[in-house]
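Residue-level listing of the chains:
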Amino acid sequence: DPQQLELATSSTRKLRRFIVIDEVVDKLYGSKVREYFEENNVQHKILALPTTEETKSMDLVLNILQEVQDFSIDRRTEPIIAIGGGVCLDIVGLAASLYRRRTPYIRVPTTLLSYVDASVGAKNGVNFLQCKNKLGGYTPPVASFLDRSFIQSIPRRHISNGLGEILKMALMKHKGLFDLLRNHGKYLLDTKFQSCSSIAEQGDAALQTTRIAIETMLEELAPNLWEDDLDRLVDFGHLISPELEMRVLPSLMHGEAVNVDMAFMTYVAHARGLIGAEEREQILQCMRGLELPVWHSGCSWALIKRALRERLKHSGGQPRMPLPTGLGVAEIFNDTSEETLEKAYKLWVRD
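Just so you know, the residues in each chain are numbered from 1, in the order the chain's sequence is written. Per-residue local features of the predicted model are confined to residues with pLDDT of at least 70, and side-chain atom pairs are confined, for both listing and counting, to 80 or more; whole-chain, interface and lining totals are unaffected and use all residues. Derived side-chain values reflect all non-hydrogen atoms in the structure, with water molecules and hydrogen atoms excluded from consideration.

Caption draft 1: Layout of the layout of surface pockets. Both site types are read off a 1 Å grid over the protein atoms alone. A 1.4 Å probe that fits but cannot get out defines a cavity, while an open set with protein on both sides within 12 Å along at least five of seven lines defines a pocket; lining residues have an atom within 4 Å of a point. Grid points are joined across faces, edges and corners, and a volume is the space filled by probe spheres set on the points. The volume enclosed by the second largest pocket comes to roughly 710 Å³. Taken together, 26 residues form the lining of the second largest pocket, with Y36, F37, I81, I106 and F145 sitting closest to its centre. Only α2 (23-39), β3 (80-84) and β4 (105-109) provide two or more residues apiece to the lining of the second largest pocket. Going along the chain from the N terminus, every DSSP run of H or I of four or more residues is numbered as a helix, and every run of E of two or more is numbered as a strand. The dominant element in the lining of the second largest pocket, judged by the number of residues it contributes, is α2, at 5 residues. Think of it as three bins: nonpolar holds Ala, Val, Leu, Ile, Met, Phe, Trp, Tyr, Cys and Pro, charged holds Asp, Glu, Lys and Arg, and polar takes everything else, Gly as well. For the lining of the second largest pocket, the per-class residue count stands at 17 nonpolar, 4 polar and 5 charged.

Written out as structure tokens, the structure is:
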């Protein structure tokens, strides 16, 4: 808004920023963040918090809002800044959407998962009554600032975790992205998505992979930002995983739970005759190459049935099941029988 920009730049009032940062990220980068605001003469308040699935609650949102109130921001010209993983971005997004009905906020993702997933789109939320993201809303940030150098400090398992969401987009929409993951997965894990121009034969696999993942995600989300249409390919891997992830916390991370769901659904697609045995094995081999779990003991037949019943409640009475129909192509199905699901489950467990 040019008028707001002029108001902000012409004002004699000192620039002020309220920042919420994950406490682990604060230990690694907090001093640099503080130095940045001090050098730019910005009055700031930095709130370091434990942002995990276990703490992702309205209590933490209210804690943030109390601090925002005490700092007293201008809700038009002083956006709240969230620096952290997906949980941090979700919590801060919800807090910002509630404060004075809508306060602008900026997302700065620091994990691979949040870089390609939580940074994109409008959704925010917190867990409630042991249900993942049961409370939330649709308030997009005014900006997302993407910097892959943050990713170099996260553990290898977290890289693999983010690769689960990238693989989702590859299987649903982009054969080229699938080939990138299959051919360069180990390299991406080893280099933690840092661009290494000295290794010419790899190209810039990190840049290509993240760019395609975000572009395909935006293609899916942008025309349907408020989920008016419940037929969503981005829901692949998210039919069973919410129930599984909350049930086995903290043994599975989000992307890992998503991958367990995708592995089972790959068997469902094969049982329906949508993909052949060779394609099924290529998908599972790629998952293993990305060091993602393809099965978990907590994903019982009873849990799958319960999760799919829950799915019906919030998807208009239809399962709306995205399934691969090849590598990088998919459709949404509402007619998968329980017999087919059980057959797929038995084969999955056997293998």
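Caption draft 2: Structural detail: the UniProt feature "domain: 3-dehydroquinate synthase N-terminal" (unreviewed entry) in the protein. UniProt positions are given in the numbering used here, feature names are shortened, and annotations may be inferred rather than shown by experiment. Summarizing the sequence annotation, UniProt attributes the feature "domain: 3-dehydroquinate synthase N-terminal" (unreviewed entry) to residues 48-160 in the numbering used throughout. End C-alpha to end C-alpha, residues 48-160 measures 26 Å, and it is 35% helix and 25% strand.

Caption draft 3: Highlighting the nonpolar core. Buried Ala, Val, Leu, Ile, Met, Phe, Trp, Tyr and Cys residues form a nonpolar core when they are joined through side-chain atoms within 4.5 Å. Residue exposure (1.4 Å probe, protein chains only): buried if accessible area is under 20% of the type maximum, exposed if over 50%, otherwise partly exposed. Counting residues in hydrophobic clusters, the biggest one holds 70 residues, and the most contacted among them are L167 and F264. At 10 residues, helix α10 (residues 254-271) tops the list of elements feeding residues into this core. Inspection of this core shows a minimum of three residues originating in each of domain 1 (14-152) and domain 2 (155-194 + 205-222 + 232-350). Beyond its immediate chain neighbours, meaning those up to four positions away, F264 contacts I240, I304, L341, A344, Y345 and W348. Residues L49, A95, Y105 and V126 belong to the second largest nonpolar core, which totals 25 residues. Note that the domain bounds were set by an automatic or database domain assignment. Residue contacts are counted whenever heavy atoms from the two residues lie within 4.5 Å of one another.

Caption draft 4: Inspection of the domain arrangement of the protein at higher detail. The domain boundaries assigned to the protein delineate domain 1 (14-152) and domain 2 (155-194 + 205-222 + 232-350). The C-alpha-based centres of domain 1 and domain 2 are spaced at 28 Å. Listed by partner, the interface residues are 20 residues for domain 1 and 27 residues for domain 2. Buried area is a sum: the accessible area each of two parts loses on coming together, probed at 1.4 Å, counted once for each and added. Between domain 1 and domain 2, a total of about 1,900 Å² is buried, with carbon and sulfur atoms accounting for 69% of that surface. For this analysis, a salt bridge means a side-chain nitrogen from Lys or Arg found within 4 Å of a carboxyl oxygen belonging to Asp or Glu. Between the two partners, domain 1 and domain 2, sit 2 salt bridges. With its nearest N and O atoms 3.4 Å apart, the salt bridge here joins E310 to K134. Between N or O atoms, a polar contact is any pair within 3.5 Å; within protein, one atom must be a potential hydrogen donor and the other a potential acceptor, and residues adjacent in sequence are included only when both atoms are from side chains. There are 4 residue pairs in polar contact (both at pLDDT 80 or more) connecting domain 1 and domain 2.

Caption draft 5: Broad picture of the pairing of strand β8 (residues 321-326). Burial of β8 is extensive: 5 of the 6 residues sit out of reach of the surface. DSSP-based pairing: two strands are paired if at least 2 bridges between them are found. Relative to strand β9 (residues 329-333), β8 runs antiparallel, the two sharing 5 bridges. Among the inter-strand pairings, L323 is bridged to a residue of β9, identified as E331. Where β8 hands over to β9, the hairpin turn is made up of 2 residues, of which G328 adopts a positive phi near 90°.

Caption draft 6: Looking closely at the pattern of salt bridges. Taken as a whole, this structure holds 30 salt bridges when the rule is applied. In this structure, the salt-bridge partner of E165 is K168, at a minimum N-O distance of 2.9 Å. Of this pair, E165 and K168 both sit in helix α6 (residues 156-173), 3 residues apart, which is roughly one turn of the helix. Per residue, the accessibility class of E165 equals that of K168, and both read buried. The closest approach of N and O atoms between R311 and D235, which form a salt bridge, is 3.3 Å. Linking R311 in helix α12 (residues 301-313) with D235 in the loop between α8 (205-221) and α9 (241-248), this pair joins segments that are 76 residues apart in sequence. Across the pair, exposure class does not vary: R311 and D235 are buried alike. Bridged by salt links that share partners, the residues K123, E227, R232, D235 and R311 form one connected network.

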